[in-house]
Amino acid sequence: MNASLRPDYIRIAGLSKTFGGGSDGVLALKDIDCTIQQGSFVTIVGPSGCGKSTLLRILAGLLDYSTGTVMLDGQPIRGTRRDVGVVFQSSILLPWRTILENVMLPAEVLGLDKKKARERAMQLLQMVRLEGFEHKLPCQLSGGMQQRASIARALLHDPKILLMDEPFGALDAMTRERMNLELQRIWMESGKTVVLITHSIPEAVFLGDKVFVMSPRPGTLERVLPIDLPRPRSMEAMSHPVFAAASASIRERFSHAASFD
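First things first, this report covers the structure right here in the doc. Along each chain, residue indices are assigned from 1 in the same order as the chain's sequence is written. The model is predicted, so local features are restricted to residues of pLDDT at least 70 and side-chain atom pairs to those at 80 or more, both for listing and for counting; the totals for chains, interfaces and linings are taken over all residues. Note that water and hydrogens are dropped before the side-chain values are worked out from all heavy atoms of the structure.

Some points on the overall build of the protein
To keep things clear, this is the line we draw: The helix and strand labels rest on DSSP assignments: H or I over at least four residues marks a helix, E over at least two residues marks a strand, and numbering proceeds from the N terminus. Here the globule rule is a power law, 2.2 Å times the number of residues to the power 0.38, and the radius of gyration is based on C-alpha atoms. Each residue is placed in one exposure class: buried if its accessible area under a 1.4 Å probe, protein chains only, is under 20% of its type's maximum, exposed if it is over 50%, and partly exposed if it falls in between. By the convention used here, residues are in contact when the closest approach between their heavy atoms is within 4.5 Å. Exposure was quantified through the Shrake-Rupley algorithm and a 1.4 Å probe, taking into account, for residues, occlusion by the shown protein chains and nothing else. Only four residue types enter the charge count: Lys and Arg as positive, Asp and Glu as negative, with His and the chain ends excluded. By convention, the point assigned to a charge is CZ for Arg, NZ for Lys, CD for Glu and CG for Asp.
Each helix and strand in the protein was counted, giving eight helices and 10 strands. Against the 2.2 N^0.38 benchmark of 18 Å for 261 residues, the protein shows a C-alpha radius of gyration of 18 Å, consistent with a compact globule. Principal axes of the C-alpha set define a box for the protein whose edges measure 50 × 45 × 35 Å. When each of the 261 residues of the protein is scored for burial, the buried share is 49%. Of the contacts made within the protein by residues no fewer than 6 positions apart, 71% connect residues no fewer than 24 positions apart. Accessible area for the protein stands at about 12,200 Å²; split by element, carbon and sulfur atoms hold 53% of it. The average position of the 31 basic charges and that of the 27 acidic charges among the side chains of the protein differ by 3 Å.

Observations regarding helix α1 (residues 52-59)
Counting buried positions along α1 yields six of eight residues, so the element is predominantly enclosed. Taken as a whole, α1 has its buried residues at Lys52, Thr54, Leu55, Leu56, Ile58 and Leu59.

With respect to the packing of aromatic side chains
The test is simple: Pairing of aromatic rings covers Phe, Tyr and Trp, the last through its six-membered ring, and needs centres within 6.5 Å; plane angles under 30 degrees mean stacked, over 60 mean edge-to-face, and all others mean tilted. Criterion for a charge above a ring: Lys NZ or Arg CZ within 6 Å of the ring centre, and within 35 degrees of the ring normal.
Within the structure shown, the criterion is met by one aromatic pair. A ring pair is formed by Phe41 and Trp187, whose centres lie 5.5 Å apart and whose planes are at 80°; its orientation type is edge-to-face. Of this pair, Phe41 sits in strand β3 (residues 41-45) while Trp187 sits in helix α6 (residues 173-190), and the two are 146 residues apart along the sequence. Both residues of the pair, Phe41 and Trp187, count as buried. Over the face of the ring belonging to Phe19 we find Lys17, whose NZ or CZ atom lies 5.0 Å from the ring centre.

Given below as structure tokens:
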């Protein structure tokens, strides 16, 4: 579907978040207003400490907000929801469980039908190209493979939205590039709405339909930058003038801010 024709799935209006109270309170997010369309891939980039992870945790229902509204598919977000999957920087796989058992974990937590969940887990492992590794332990897989397993686990209960907090931050540069290609493929095959946080400007531009650019703390949404590059994107897209212009625009804004990749 053309991105301009997709319905809005997430609506955020006047969102602010303060940690603590009184004179010791810390304003982390201030007056965030944005919409995210169904089936789109949005990346969020900004300097360290700008509130990116705070925003993601609010979307996941893991953290309450102070003021404003956050609507997901027409319903306010207050607490965790079954239609949301989350992937963190660490794969957080249980070391004593096989890859299949790790992917099956949400079925146990949510009380899903185990037979159907196992069938879906096997399908997801095939989608993330881990077929043949179902009975391996996490320590027997590379970091990139572990993250693919964590993506499969996050998709097991068929959420409508996938939230990703620096999922490839701990990987080396070459593995990270491969994972960017893999994630793009998985997103295109699954049709999910994806929101990904990253410190990497190239990663944000490569993956995103739109890049949300945040200011230093208190985090505000300074700019929404559409990325007009065709899909699927290969690594050669990084030499495209649109890619270069978008990256330069973001980098210039943060030339004096905290570190980026």
